[in-house]
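# Fold and geometry: a report
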Protein chains: 2
Amino acid sequence: MTLPADDPSCAIPYGLNPLDRRSEKRGNAAELEAARSHPHARAYLLAGDRVLLAGGDDAAAHAPDLARGLGVELATAMLLGWQADGAPRLAGALPAGMEPPAGMEFVDLRSIAAEARVSPGVLGQLAQARSMLAWHARHGFCANCGHATAIAIGGYRRDCPSCAAQHFPRVDPVAIMLVTDGERALLGRQAHFRAGSYSCLAGFVEPGETLEDAVRRETFEEAGIRVGRVRFHASQPWPFVSSLMLGCIGEALSAEIVMDETELEDCRWFPREEVIRMVRGDHPGGLACPPRLAIARHLIEHWLAGG
Amino acid sequence: MTLPADDPSCAIPYGLNPLDRRSEKRGNAAELEAARSHPHARAYLLAGDRVLLAGGDDAAAHAPDLARGLGVELATAMLLGWQADGAPRLAGALPAGMEPPAGMEFVDLRSIAAEARVSPGVLGQLAQARSMLAWHARHGFCANCGHATAIAIGGYRRDCPSCAAQHFPRVDPVAIMLVTDGERALLGRQAHFRAGSYSCLAGFVEPGETLEDAVRRETFEEAGIRVGRVRFHASQPWPFVSSLMLGCIGEALSAEIVMDETELEDCRWFPREEVIRMVRGDHPGGLACPPRLAIARHLIEHWLAGG
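Quick caveat: nothing in here was measured; it's all calculated off a predicted structure. (Residues numbered from 1 in each chain as written. Chains lettered and ligands numbered in written order. Predicted model: local features only at pLDDT ≥ 70, side-chain atom pairs only at ≥ 80, totals over all residues. Heavy atoms only, no water.)

### Comments concerning the overall build of chain A
For chain A, the count of helices and strands is seven helices and 15 strands. Computed over the C-alpha atoms, the radius of gyration of chain A is 21 Å, within 12% of the 19 Å expected from 2.2 N^0.38 for a compact globule of 307 residues. For the C-alpha atoms alone, the extent of chain A along its principal axes is close to 60 × 45 × 35 Å. Here chain A holds 307 residues, and the buried ones make up 57% of them. The long-range fraction of contacts in chain A, counting pairs at least 24 apart against all pairs at least 6 apart in sequence, stands at 62%. Averaging the locations of the 30 positively and 38 negatively charged side chains of chain A gives two centres separated by 3 Å. (Helix = DSSP H or I, 4+ residues; strand = E, 2+ residues; numbered from the N terminus. Rg over C-alpha atoms; globule rule 2.2 N^0.38 Å. Buried < 20%, exposed > 50% of the residue type's maximum accessible area, 1.4 Å probe, protein only. Contact = heavy atoms within 4.5 Å. Lys, Arg positive; Asp, Glu negative; His and termini not counted. Charge placed at Lys NZ, Arg CZ, Asp CG, Glu CD.)

What follows is the structure, given as structure tokens:
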């Protein structure tokens, strides 16, 4: 909604989303129907992680007729929110393996971000659509009784007709942290990372745990490093499938790394000068930091800038 | 785990939890069995929101024999983690309506916190137990296919034997914010609050949304106030049933309140001097802020202290 230029979360991919969600309107059947049948309503259409793109400025937003031709009725699509001009934006699911219509293509959400195929504000809407659709795809049944459930309030709830349980889309908070002793940064790599790439450590926040403790626990479990004070920097929605990355800076209280070899392939302390080269892309050994798609990169740059 | 004295989250009820979760050990059947059969393993036993308390210093932690007598086998109980002395702490569910054994009592988790019936570190463990048990109680079936699921890795997963889906306990991130224009705080009350009590606004973070945007959206939806920069203060696990309260300070960009009357009964700007009296308990009109159990109170005190 309001998007001040000085909020670091707005500069992180998937983080900028200008839609007005007006969550209070979803429960009103007339408002919901008005939005879905609005003449300027447009829909994002996703087949799993792949987004249907046409040509033009608003390549990802499709008209009702096109959606209907592909089997998506906007009358039952998810309501993401309203643009500033009042036009609603919806989202619908296409079959996972389908071929694109003539003149269009499917592009996965990571590539769309990396290649800047849509504007940052549309990218945030696609992340919202992807997380919502992925939740519905895996939550057609009631976890409480096993009965089939039905979509409600524009996609923000599923209701069980058998036991009356209400289920809400998940958002999974993840602690992600740049741990530092002041002059060095603790970075690790998993076996599946691009060769030479090192990133921040991260892990899901667990039930009954503070964000701050999750930062300390994950750092100790993965690297054997004790962390004291934790400072929050910025958050990022991560649509694979519906995480909320909570980016923090952690102050190291110990120095000796004891790496969890089931999680990490390598973990090291990198001096500030070396991290600068990894970010700049001229590291003599070819080591690198993640691209700007990842909040890890933003945490690293924030630290390098003195944050 | 590590608990630095200067981390504000450690001073908020349910926020302090000294257990070492060692999440990497849960998936190891031998480690899990060793923990559950450890001679010093003790279990928290909850009937819904009510905790079984005996007398003595460690009133909430019960021996295996007592648990077994009430129908809870520690061999299948949830593994919360290990104490510093190596003794595991477990959690098990009792029938919702049961009477306590002779000499014991059931006390709900809010009263335990408000009356300081256990130490702060044990309170955090009870919050963890409550959130875990509540999730299992409502998630016995696979949301993907409807089949009955089975508990796995000490309670941190449920597995579907039919479609092989894995389900993880939910943690629902909530934005809670003290919105201020510098000299005044925006506080509201819901109809069910104690008479005269005013608190911070709050709401669930939605899929595809940053924490910062959730602060701005909820404040605008509930109070019509535009918020710019958002600063994170501290988090709190809230075990009713498994929320992660993400406490923030929000800078107001507008002044005129337009209240959502379906959510709030009243919403006002309170001058700093009036908030001081509400916190101190000598407000001439009898208005008050929430008790220290709520992170809202900590946000208010942080703001009053110049934060």
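### Examining the pattern of salt bridges
Considering all chains together, one arrives at 51 salt bridges over all chains under this definition. D7(B) is paired through a salt bridge with R216(A); the nearest N and O atoms lie 2.8 Å apart. Here D7(B) is found in the segment before α1 (29-36), whereas its partner R216(A) is found in helix α5 (residues 211-223) on a different chain. Of the two residues examined, D7(B) and R216(A), each falls in the buried class. For E221(B), the salt bridge identified is with R217(B), shortest N-O distance 3.2 Å. On the criterion of helical spacing, the pair formed by E221(B) and R217(B) is a turn pair, its members being four residues apart in helix α5 (residues 211-223). The network of salt bridges with shared partners includes R21(A), R26(A), E206(B), E209(B), R217(B), E218(B) and E221(B). (Salt bridge = Lys/Arg side-chain N within 4 Å of Asp/Glu carboxyl O.)

### Some points on the layout of surface pockets
Computed from the structure, the second largest pocket encloses a volume of approximately 300 Å³. If you go around the second largest pocket, you meet 17 residues; those closest to its centre are R231(A), F232(A), H233(A), R231(B) and F232(B). Elements with a contribution of two residues or more to the lining of the second largest pocket: β13 (227-238) of chain A together with β13 (227-238) of chain B. Across the lining of the second largest pocket, the residue classes tally to seven nonpolar, three polar and seven charged. (1 Å grid on protein atoms, 1.4 Å probe; cavity = no way out; pocket = protein on both sides within 12 Å on 5 of 7 lines; lining within 4 Å. Points joined across faces, edges and corners; volume = space filled by probe spheres on them. Nonpolar A, V, L, I, M, F, W, Y, C, P; charged D, E, K, R; others polar.)

### Considerations on the interface of chain A and chain B
Taken together, the 67 residues of chain A in the interface contact 67 residues of chain B. When chain A packs against chain B, close to 5400 Å² is buried across both sides, 52% of that on carbon and sulfur atoms. Run the count over chain A and chain B and you get eight salt bridges. Between the two partners, chain A and chain B, sit 28 residue pairs in polar contact (both at pLDDT 80 or more). Contributions of two or more residues to the side of chain A that touches chain B are made by α4 (120-138), β9 (166-167), α5, β13 and β14 (243-252) of chain A. If one sorts the elements of the side of chain A that touches chain B by residue count, β13(A) sits on top with eight residues. Class assignment of the residues belonging to the side of chain A that touches chain B gives a composition of 29 nonpolar, 20 polar and 18 charged. (Buried area = accessible area lost by both parts, 1.4 Å probe. Polar contact = N/O pair within 3.5 Å; in protein donor to acceptor, adjacent residues only side chain to side chain.)

### A look at the relation of the copies chain A and chain B
In the superposition of chain A on chain B (RMSD 0.0 Å, axial shift 0.0 Å), the rotation amounts to 180 degrees. Seen this way, the second copy is the image of the first under a two-fold rotation axis. If distances are taken from each C-alpha of chain A to the rotation axis, the shortest is found for G146(A), at 2.0 Å. (Least-squares fit on C-alpha atoms with pLDDT ≥ 70 in both.)

### Topic: the packing of helix α6 (residues 272-280) of chain B against helix α7 (residues 295-304) of chain B
Residues and elements named next belong to chain B. Close contact between α6 and α7 brings their axes to 11 Å; oriented N to C, the two are set at 130 degrees. Taken together, the axis directions place α6 and α7 in an arrangement best described as oblique. You can see that α6 and α7 cross each other, and the crossing is left-handed. Facing R272, V275, I276 and V279 of α6, the residues of α7 in contact are R297, I300, E301, W303 and L304. Taken together, the residues of the contact of α6 with α7 sort by class into six nonpolar, no polar and three charged. (Axes fitted to C-alpha atoms, helices over the stretch in contact; angles between N-to-C directions. Parallel < 35°, antiparallel > 145°, perpendicular 65-115°, else oblique. Left-handed = near helix turned anticlockwise from the far one by under 90°.)

### Some thoughts on the sheet that holds β9(A)
Residue and element names in this part refer to chain A. Strand order in the open sheet made by the three strands is β7-β8-β9, with antiparallel pairing throughout. The open sheet terminates on both sides in strands that have one partner only, identified here as β7 (150-152) and β9. The sheet contact formed by strand β8 (residues 157-159) and β9 spans two bridges and is antiparallel. When the sheet's bridge partners are listed, R158 is paired in β9 with H167. (Pairing = 2+ DSSP bridges.)

### Some words on the environment of W135(B)
Residue and element names in this part refer to chain B. Of note, W135 is situated in helix α4 (residues 120-138). Between the C-alpha atom of W135 and that of G48, which follows or precedes it by 87 residues, the distance is 11 Å. Look past the residues within four positions of W135 in its chain and what remains in contact with it is R158, H167, F168, P169 and R170.

### Some thoughts on the sheet that holds strand β9 (residues 166-167) of chain B
All names here are of chain B. The antiparallel open sheet is built from three strands, whose spatial order is β7-β8-β9. This sheet does not close on itself; its edge strands, each paired only once, are β7 (150-152) and β9. Strand direction decides the pairing type here: β7 and strand β8 (residues 157-159), joined by three bridges, are antiparallel. For A152, the partnering residue across the bridge sits in β8 and is R157.

### Some remarks on the packing of aromatic side chains
Between two aromatic rings, the relevant description is the distance of the centres plus the angle of the planes. All names here are of chain A. For the structure shown, the criterion picks out nine aromatic pairs over all chains. Seen in terms of ring centroids, Y14 and F240 are 6.0 Å apart; in terms of plane orientation they differ by 75 degrees. Their pairing is edge-to-face. Here Y14, found in the segment before α1 (29-36), pairs with F240, found in the loop between β13 and β14; they are 226 residues apart in sequence, far enough to count as distant. Every member of this aromatic cluster is reached through a ring pair, and the members are Y14, W238 and F240. (Phe/Tyr/Trp six-rings, centres within 6.5 Å; stacked < 30°, edge-to-face > 60°.)

### A look at the pairing of β13(B)
Regular strands have side chains that alternate between both faces of the sheet. Residue and element names in this part refer to chain B. The element β13 is extensively covered by neighbouring structure, given that ten of its twelve residues are classed as buried. Pairing between β13 and strand β14 (residues 243-252): nine bridges, direction antiparallel. Pairing of V230 across the sheet is with G250, part of β14. Two successive antiparallel strands, β13 and β14, enclose a turn made up of four residues.

By themselves these figures say nothing about function.
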